[in-house]
Amino acid sequence: MNHAREKYWQMLEKAAHLMQTCRLSDLFTHDSQRVNKYSICVDKIYLDYSKNFLNDDILALLINLADSCDLSLAIKQLLSGACVNSTESKPALHAALRQDLDSSLQVNDVDILPLVKAQKEKMFHLVSQLHQGTYLGTTKSKITDVVNIGIGGSDLGPVMAVEALKEYRQTSIKLHFVSNIDPEMITSVLQECTPSSTLFILSSKSFTTPETLANAQVAKKWLEDKLSPTDINKHFIAVTANPEKAQTFGILPENILQFWDWVGGRYSIWSTIGLPLAISIGTSHFESFLLGARKMDEHFANAPLRQNMPVLLALIGIWYINFWQAKTLAVLPYSTRLRHFADYLQQLDMESNGKTPRVGTATGPIVWGQVGTNGQHAFFQLLHQGTHFIPVDFIAAKLSHTPFKDQHLHLLANCLAQARALMQGSEEKRELHEYMPGNKPSNMLLLEQLTPTALGQLLALYEHKVFVQGIIWGINSFDQPGVELGKKLAHTLIAGLESGAIDSKMDPSTQSLIEKIRA
Ligand code: F6P
């Protein structure tokens, strides 16, 4: 740890110790301006972070800590295309995908924005053809069903965003998602589709992911069986950073939409990986989605750290993880449309920051969550009376897309009530089993409405939050070496399961399981 970082770290440890006896509700009593001071609005997103164990001194220390890690410089480096993914020697330029594409951004002496623009135009052209019914299958049928085959970043973003923006749907084309190698998943999707009118999107940055390739083979066979002897190639689009591999699979070059090595899988929804979303909401809403993210990028780039929403959210996380020993972060959107948000955020945060730094501090939290009010009837009991310290991010939208305004108000009332109950607890003197200590911190993210722009802002907010935390922990948020080991072992175990050939060095438990499965 550098000297300044160590100094602020120690001061924060002391501050945390002193704060242990503080009651969140008292902080409001002592400062009538607390909500104004500890809230911030960026365009259509309002963050109230007043229900946290924070005061001006602690915030100043957290900002000093960030400064001691050269955060401002790191933000500039990220956004300008410096090699921030040091272990893989590449930039992480997801923000470039939502930039004004008529400007310029040089990476290794190449202006990447014209490339981004060309691929986006190719994607938009395909979307128009699908919407107009001019993209035809091999038997001249219009496309009625699109199946995205992809996993991880090639699935979670599109699945989440298509559902989140269902109110903005511009097409009757049905979208399906197949991610798992479990054959039940593709089988049940294919049961809902007709070969002549189904288009498969093979989404894979590497085009080597076994799950995706296995499902792609099933899709190919299904089409060949039903449509032979016609040419099935029209039924496949590939979205990839490895076009050679896609061509080897048999994808027509004109059906390959590209993105690039400098876009991390979990940051790729803004690239052509967003094709399912663009099909669903149309090109104009997709542009609004990008614009929302761009607004957050501009804020992130320009706002001072103390008024910078992603930085504040990140520092509050650091405060709890490193100085209050929080192990998890609960993310609770009060919106059914955000029902896949926690899954998406799990990959974004845990694959990025689930790493051990050289200096032995705790890093990325276990991210989990569920929509409200459903979660209230499942695990909120533990939030209120359990023994773990669990900071919460609530997310809600002021306006509903439905005409049921009263019901939406009830939803919001529940969201506010839970945040309040977590903070206040129960003031009544009761039996021990009824004791509700309260004093549980939370952030409240309030969107105007769950629009494409607001969703873009929300995702960019969390992307930048994760980046800031990575900088403070001194880890590279853009690689994922830990995922590779399991992949390698699965490869050797496939041989074991198929042939029964067991490596004697394999652990007895795995050996015995292989035998059981083969028997
Ligand atoms: O799970 C590891 C991972 O490499 C993710 O980072 C990635 O999003 C996912 O696999 C899918 O990879 P690909 O898009 O190359 O198929």
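Located above this text is the structure these notes cover.
Right, let's walk through the structure included here. Residue numbers run consecutively from 1 along every chain, following the written order of its sequence. Only residues with pLDDT of 70 or above have their local features reported here, since the model is predicted, and side-chain atom pairs are shown and tallied only from 80 upward, although totals for entire chains, interfaces and linings are computed over all residues. Each side-chain value is derived from all of the structure's non-hydrogen atoms; neither hydrogens nor water enter the calculation.

Section: unusual backbone geometry
Negative phi values dominate among residues other than glycine, just as trans dominates among peptide bonds.
Phase 1 of the analysis: A cis geometry characterises the amide bond from Gly372 onward to Thr373, with omega recorded as 10°.
Phase 2 of the analysis: On the secondary structure map, Thr373 appears in the loop between strand S11 (366-369) and helix H14 (380-385).
Phase 3 of the analysis: For Asp43, which is not a glycine, the phi torsion comes out positive at approximately 50°.
Phase 4 of the analysis: A positive phi angle, close to 60°, is found at Gln325, a residue other than glycine.
Phase 5 of the analysis: Working definition: helices are DSSP H or I runs of at least four residues, strands are E runs of at least two. Numbering for both runs from the N terminus. Examined against the element boundaries, Gln325 turns out to sit in the loop between helix H12 (309-323) and strand S10 (328-334).

Notes on empty space enclosed by the protein
Phase 1 of the analysis: Throughout, the protein atoms alone are placed on a 1 Å grid, and a set of points is a cavity if a 1.4 Å probe fits but cannot get out or a pocket if it is open with protein on both sides within 12 Å along at least five of seven lines; lining residues have an atom within 4 Å of a point. Grid points are joined across faces, edges and corners, and a volume is the space filled by probe spheres set on the points. Evaluated as defined, the whole model comprises four cavities of 30 Å³ or more.
Phase 2 of the analysis: In this structure, the largest cavity spans a volume of roughly 120 Å³.
Phase 3 of the analysis: Taken together, 17 residues make up the lining of the largest cavity; nearest its centre are Gly317, Tyr320, Leu329, Pro391 and Lys465.
Phase 4 of the analysis: Within the residue set of the lining of the largest cavity, elements represented by two or more residues are H12, S10, strand S12 (392-399), strand S13 (442-449) and helix H16 (452-473).
Phase 5 of the analysis: Under the convention adopted here, Pro, Cys and the residues Ala, Val, Leu, Ile, Met, Phe, Trp and Tyr are nonpolar, Asp, Glu, Lys and Arg are charged, and Gly plus all remaining residues are polar. Considered class by class, the residues forming the lining of the largest cavity number nine nonpolar, six polar and two charged.

Quick notes on the layout of surface pockets
Phase 1 of the analysis: Considered as a void within the structure, the largest pocket measures approximately 750 Å³ in volume.
Phase 2 of the analysis: Those elements that place two or more of their residues in the lining of the largest pocket are helix H9 (210-227), helix H13 (341-353) and helix H17 (481-499).
Phase 3 of the analysis: Domain boundaries shown here were taken from an automatic or database domain assignment. For the lining of the largest pocket, the two domains that each supply at least three residues are domain 2 (94-281) and domain 3 (482-518).
Phase 4 of the analysis: Looking at the second largest pocket, its volume works out to about 510 Å³.
Phase 5 of the analysis: Along its surface, the second largest pocket is lined by 22 residues, and Thr336, Ser400, Thr402, His408 and Leu411 are the ones closest to its centre.
Phase 6 of the analysis: Breaking the lining of the second largest pocket down by element, the ones donating at least two residues are S12 and helix H15 (405-424).

Description of the site of the ligand
Phase 1 of the analysis: Close to the ligand lie 14 residues; Ser154, Ser204, Ser206, Thr209 and Glu351 are nearest.
Phase 2 of the analysis: Identification of polar contacts relies on pairs of N or O atoms within 3.5 Å, with a donor-acceptor requirement for protein atoms, meaning one able to donate a hydrogen and the other able to accept it, and with residues adjacent in sequence counted only if both atoms are side-chain atoms. At 2.6 Å, a side-chain N or O of Ser206 approaches an oxygen atom of the ligand.
Phase 3 of the analysis: Glu351 is positioned with one of its side-chain polar atoms (N or O) 2.7 Å from an oxygen atom of the ligand.
Phase 4 of the analysis: Considering the ligand on its own, with 390 Å² of exposed area, one finds that the protein chains cover 87% of that surface.
Phase 5 of the analysis: Because more than half of its atoms lie within 2 Å of the grid, the ligand is assigned to the largest pocket.
Phase 6 of the analysis: Elements represented by at least two residues in the shell around the ligand include exactly H13 and H17. Here, proximity means that at least one heavy atom of the residue falls within 4 Å of the molecule or strand. Shrake-Rupley sampling with a 1.4 Å probe provides the accessible areas, and residues are treated as covered by the protein chains on show and by no other component. A pocket or cavity is taken to hold a molecule when more than half of that molecule's atoms are within 2 Å of the pocket's grid points.

Description of H9
Phase 1 of the analysis: One less than the number of residues in a helix, times 1.5 Å, gives the span that helix is expected to have. In this model, H9 (18 residues) spans 25 Å end to end at C-alpha, consistent with the 26 Å of a helix rising 1.5 Å per residue.
Phase 2 of the analysis: Taken together, the buried positions of H9 are Thr212, Asn215, Ala216, Ala219, Lys220, Trp222, Leu223 and Leu227. Taken around the axis of H9, the buried residues stretch over an arc of 165°, which confines them to a single face. Under the scheme applied here, a residue whose accessible area is under 20% of the maximum for its type counts as buried, over 50% as exposed, and between as partly exposed, the area being computed with a 1.4 Å probe on protein chains only. Note that the arc is computed from the directions linking the helix axis to the C-beta atoms.

Let's talk about the environment of Ser288
Phase 1 of the analysis: Note on placement: Ser288 falls in helix H11 (residues 275-302).
Phase 2 of the analysis: Along the sequence, Ser288 and Leu455 sit 167 residues apart, while their C-alpha atoms lie 9.4 Å from each other.
Phase 3 of the analysis: Residue contacts follow a heavy-atom distance rule, with two residues in contact if any of their heavy atoms lie within 4.5 Å. Excluding anything up to four places from it in sequence, Ser288 contacts Pro452 and Thr453.

As for the side chain of Ser203
Phase 1 of the analysis: Assignment of secondary structure puts Ser203 in strand S7 (residues 198-203).
Phase 2 of the analysis: Residue Ser203 is classed as buried on the basis of its relative accessible area of 1%.
Phase 3 of the analysis: Within the local environment of Ser203, its side chain forms a polar contact with the side chain of Asn148, the two groups lying 2.8 Å apart.
Phase 4 of the analysis: Once you skip the residues sitting within four places of it in the chain, Ser203 turns out to touch Asn148, Ile149, Gly150, Ser154, Thr212, Val239 and Ile273.

Focus on the sheet that holds S7
Phase 1 of the analysis: By this definition, two strands are paired if DSSP reports at least two bridges between them. Ordered by their spatial adjacency, five strands build an open sheet running S6-S5-S7-S8-S9, and the pairing between neighbours is parallel. Unpaired on one side and paired on the other, strand S6 (174-178) and strand S9 (256-258) mark the two borders of the sheet. Each strand axis lies, on average, 20° off the axis of its neighbour in the sheet, ignoring direction.
Phase 2 of the analysis: Comment: axis = line fitted to C-alpha atoms, over the contacting stretch for helices; angle = value between 0 and 180 degrees taken between N-to-C directions. Strands in contact with helix H6 (residues 113-132) are S7, strand S8 (236-240) and S9; relative to S9, the strand with the most contacts, it is inclined by about 140°.

As for the packing of helix H4 (residues 56-68) against H12
Phase 1 of the analysis: H12 packs onto H4 with a crossing angle of 100° between their chain directions and a minimal axis gap of 10 Å. Judged by the inter-axis angle, H4 sits roughly perpendicular to H12. Side by side, H4 and H12 meet where Ile58, Leu59, Leu62, Ile63, Leu65 and Ala66 of the first sit next to Leu312, Leu315, Ile318 and Trp319 of the second. In this scheme, roughly parallel covers angles under 35 degrees and roughly antiparallel covers those over 145, while 65 to 115 is roughly perpendicular and the rest are oblique.

Brief notes about the nonpolar core
Phase 1 of the analysis: Ranked by size, the top nonpolar core spans 125 residues in total, and within it Leu275, Trp319, Phe341 and Leu455 carry the most contacts.
Phase 2 of the analysis: For this core, the two domains that each supply at least three residues are domain 1 (3-68 + 303-473) and domain 2 (94-281).
Phase 3 of the analysis: Not counting chain neighbours up to four residues away, the residues in contact with Leu275 comprise Met123, Leu126, Val127, Ile201, Ile237, Val239 and Leu257.
Phase 4 of the analysis: Counting 22 residues, the second largest nonpolar core, distinct from the first, contains Ile186, Leu190, Cys193 and Ala246. We define the nonpolar core as a collection of buried residues of types Ala, Val, Leu, Ile, Met, Phe, Trp, Tyr and Cys that are connected through side-chain atoms lying within 4.5 Å of one another.

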